[in-house]
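# Observations on the model geometry
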Amino acid sequence: MNTFEKVVIIFVSILAISIIAMHFLYIGMDSTGQLIVRQWCEEIGLNVSTSMCLETINSSRMSLVQGVSLALFLFAIALTVIRMEWRTAAAMLALALLIVVGIATPQIILNAVSWDLILFLVGSMTLAGIFRELGIFRYLALRILELAKSNAIILVVLLSLLSYILSAALGEVTSIIYVVMLALEIASIMRVDVAPLIILSVLATNTGSTAMPIGNPIGVYLLFKTNMSVSMFIRTAFPLSILNLAVLLAAFIPLEKGLIKTWNEAFKKFAHRIEAYVARHRIELRTGNREATRIYIGLGMLLAFILTVAFNDFIVQMLSKFYGAPIDPHAFLAFVPYIFIIVMFALIPMEEISKFVERSVEWSSILFFVFLFMLSYVLTYTGVMTKLAYVFSHIAVSPFMLLFVMLFASAALSSVLDNLSVIVTFTPIAMLFSQIGLASSLIYFALLFGGVFGGNYTPVGSTANIVAVGLAEKRRIKITWGNWLRLALITTTLQLVVSLLYLYFL
């Protein structure tokens, strides 16, 4: 059976299941059903009575439309699971079919995209590429080797902190590339098994990505989609991210007690190699050296960028007063990376910027993100999410139970599916619950923690996981599912439990 035949069989199977599911999912006339369906009619601009709205969304024709739109969305996700390289093409194909069959008009689909989010992502990736060119990440890696002082536990803690900070500041993918490179460098110097260290780096990277809205595509998506303030995001997510980093380290060190002992012995054995490596690169960073100056300026700019994002709401308030006109915080945030890119002209020639845009931006991921926005909105537009929200409202009998269901359902799905796709699917349901008063804004954080930590369970749960495994394999370091699960099952489950308790007390 060739690839085309397999794809056709997958699509037909998903289509049949989706149509049957939408036909049997029925919204009742109870108070919750009326609230949910009223919200749907307002969303699509259907100005009819509640009873007529219920009749419309439950009609045979609409159930067929819902089944087809759900099938095309799941088809794109299924192909992504089969082969990650297919994800952009799969989303593109599903979107083209949606337009061809007339389920939604092109203008409706285009308006579904948060273009300010896309602008922010492109700018952030470009800025990260400039920081990389300046050598900031190699400098941080050298400092960690110096500070570790031949102690494996200190190395584990410092590497986790580096993963956490870089991820929070510049995103999970940028973070994991440089932290894994450092771990591989350690492997070449000390000749030890660093597979557990790489797995720890991934888990710490994903943990750090929840601290700031710019750390993870899920956080960026939730920030812009739900119109949440940056200050609220940081105020709610940052304390838990710190707590979960401590949980991760507290679980990892006892689990890898024997390996840490081996690393300590290797530190003593290869101390001269480590010192030679650090000394060789330290020469390049002598005081007064142009390279060192660029690095220190770059570190200052990185810190300024982090602070600007953290105090985005306050800055916008000041600017609004100064200009005498209201400024949207999310619109301003979209342009923050570009302001810093312009400032970096002092270090990077202007003609080089276009090269950074070409090399540093993951354009296939950006396109996939855009298409995913569109496909997700079609599910809202056709009423699929309204029906699913009705089902969820009957499973969860209390606001806390709703948080529990959202957290663990998104975590379970994110362990085997692309976690961003899972959160894009769940967010409209969460927004609906928030709008009709069945849940508070904490439901968005249940999705954030569920999607990010759920992605930690398997090597394919998030982009950072896949990148780390790929980099390790290039250096002939094999990370098996068994190795991954041995660490991730315990640490991630603990993090999810801590997240649930945190939401409960909030």
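In what follows, the structure referred to is the one given above.
As a starting point, this report considers the structure included with it. No experiment lies behind these values; they were computed from the predicted model shown. Sequence positions are assigned chain by chain, starting from 1 and proceeding in written order. Local features in a predicted model are, by the rule used here, given only for residues with pLDDT of at least 70; side-chain atom pairs are given and counted only at 80 or more, and totals for whole chains, interfaces and linings are based on all residues. Hydrogens are left out, water is left out, and the side-chain values use all remaining heavy atoms of the structure.

## Some details on the packing of aromatic side chains
This is how the line gets drawn: Stacked, tilted and edge-to-face pairs are distinguished by plane angle, under 30 degrees for stacked and over 60 for edge-to-face with tilted covering the rest, among Phe, Tyr and Trp rings (Trp via its six-membered ring) whose centres lie within 6.5 Å. Put simply, DSSP marks the helices as runs of H or I at least four residues long and the strands as runs of E at least two long, and each gets a number from the N terminus on. The cut-offs for exposure are 20% and 50% of the maximum accessible area for each residue type, with area from a 1.4 Å probe on protein chains only; residues under the lower value are buried, those over the upper are exposed, and the others partly exposed. Any Lys NZ or Arg CZ found within 6 Å of a ring centre and within 35 degrees of that ring's normal is scored as a charge over the ring.
Per the stated rule, a full pass over the model turns up ten aromatic pairs. A centroid spacing of 5.8 Å and a plane angle of 55° characterise the contact between Phe233 and Phe445, whose relative ring orientation is tilted. Here Phe445 lies in helix α24 (residues 442-454) and Phe233 lies in helix α13 (residues 230-255), a separation of 212 residues in the sequence. For the ring pair Phe449 and Phe453, a centre distance of 6.4 Å and an interplane angle of 25° mean the geometry is stacked. Residue Phe449 and its partner Phe453 are located together in helix α24, separated by four residues, close to a single helical turn. Of the two residues, Phe449 and Phe453, neither departs from the other in class, the shared state being buried. Here the aromatic residues Phe233, Phe445, Phe449 and Phe453 are joined through ring pairs into a cluster of three or more. Over the face of the ring belonging to Phe356 we find Arg359, whose NZ or CZ atom lies 5.3 Å from the ring centre.

## A short note on the packing of helix α7 (residues 115-133) against helix α16 (residues 290-310)
Keep this limit in mind: For helices, the fitted line uses only the C-alpha atoms of the stretch in contact; every axis is such a line through C-alpha atoms, and the angle between N-to-C directions lies from 0 to 180 degrees. For classification purposes, an angle smaller than 35 degrees is called roughly parallel, one larger than 145 roughly antiparallel, one from 65 to 115 roughly perpendicular, and anything else oblique. In this scheme the crossing of two helices becomes right-handed for a clockwise turn of the near helix relative to the far one and left-handed for an anticlockwise turn of less than a right angle. Residues are treated as being in contact if the distance between any of their heavy atoms lies within 4.5 Å. Throughout this entry, Asp, Glu, Lys and Arg are counted as charged residues, while Ala, Val, Leu, Ile, Met, Phe, Trp, Tyr, Cys and Pro are counted as nonpolar. The remaining residues, Gly among them, count as polar.
The contact between α7 and α16 brings their axes to 9 Å, and the two run at 155°. By the angle class used here, α7 and α16 are roughly antiparallel. The hand of the α7/α16 crossing is left-handed. Contact residues: Ser124, Leu127, Phe131 and Glu133 in α7; Arg294, Gly298, Met301, Leu302 and Phe305 in α16. Considered class by class, the residues forming the contact of α7 with α16 number five nonpolar, two polar and two charged.

## Notes on α24
Filter applied, for reference: The span expected for a helix works out to 1.5 Å for each residue beyond the first.
In this model α24 runs 17 Å from its N-terminal to its C-terminal C-alpha over 13 residues, within 8% of the 18 Å that 1.5 Å per residue would give. Burial analysis of α24 places 13 of its 13 residues in the buried class, which makes it a mostly covered element.

## A short note on the packing of α16 against helix α18 (residues 329-343)
Two elements in contact, α16 and α18, have axes separated by 11 Å at closest approach and are oriented at 160°. Taken together, the axes of α16 and α18 are roughly antiparallel relative to one another. Between α16 and α18 the crossing geometry is right-handed. Residue-level inspection shows Met301, Ala304, Phe305, Thr308 and Val309 of α16 in contact with α18, the latter providing Leu333, Val336, Pro337, Phe340 and Val343.

## Side note on helix α20 (residues 363-382)
A rise of 1.5 Å per residue sets the reference length of α20, with its 20 residues, at 28 Å; its end C-alpha atoms lie 29 Å apart and thus fit the reference within 8%. Within α20, 16 of the 20 residues are buried, which leaves the element mostly enclosed by the surrounding structure. Just downstream of α20, Gly383 is the residue with a positive phi angle, here 100°.

## Quick notes on the pattern of salt bridges
Threshold: The term salt bridge refers to a side-chain nitrogen of Lys or Arg lying within 4 Å of a carboxyl oxygen of Asp or Glu.
Per the stated rule, a full pass over the model turns up two salt bridges. One salt bridge in this structure joins Arg486 and Glu256, with 2.8 Å as the shortest N-O distance. Highlighted residues: Arg486 in helix α26 (residues 481-505) and Glu256 in the loop between α13 and α14 (257-269), separated in sequence by 230 residues. Between Lys355 and Glu352 there is a salt bridge, with its nearest N and O atoms 3.5 Å apart. Among the residues examined, Lys355 registers a relative accessible area of 38% and is labelled partly exposed.

## Quick look at the state of the cysteines
Quick note on the threshold: By convention in this document, the label disulfide applies to cysteine sulfur atom pairs within 2.5 Å.
A complete count under the given rule lists one disulfide for this structure. Sulfur-sulfur distance for the disulfide between Cys41 and Cys53 comes to 1.6 Å. Note on the Cys41 and Cys53 pair: the S-S dihedral is about 110°, so by sign convention the disulfide is right-handed. One end of the pair, Cys41, is in helix α2 (residues 31-44); the other, Cys53, is in helix α3 (residues 50-58), and twelve residues separate them in sequence. For Cys41, a relative accessible area of 1% puts it in the buried group.

## Things to note about unusual backbone geometry
Positive phi outside glycine occurs at Asn227, with the angle close to 60°. Mapped onto the elements of the fold, Asn227 is located in the loop between α12 (217-225) and α13.

These values are about where atoms sit, not about what they do.
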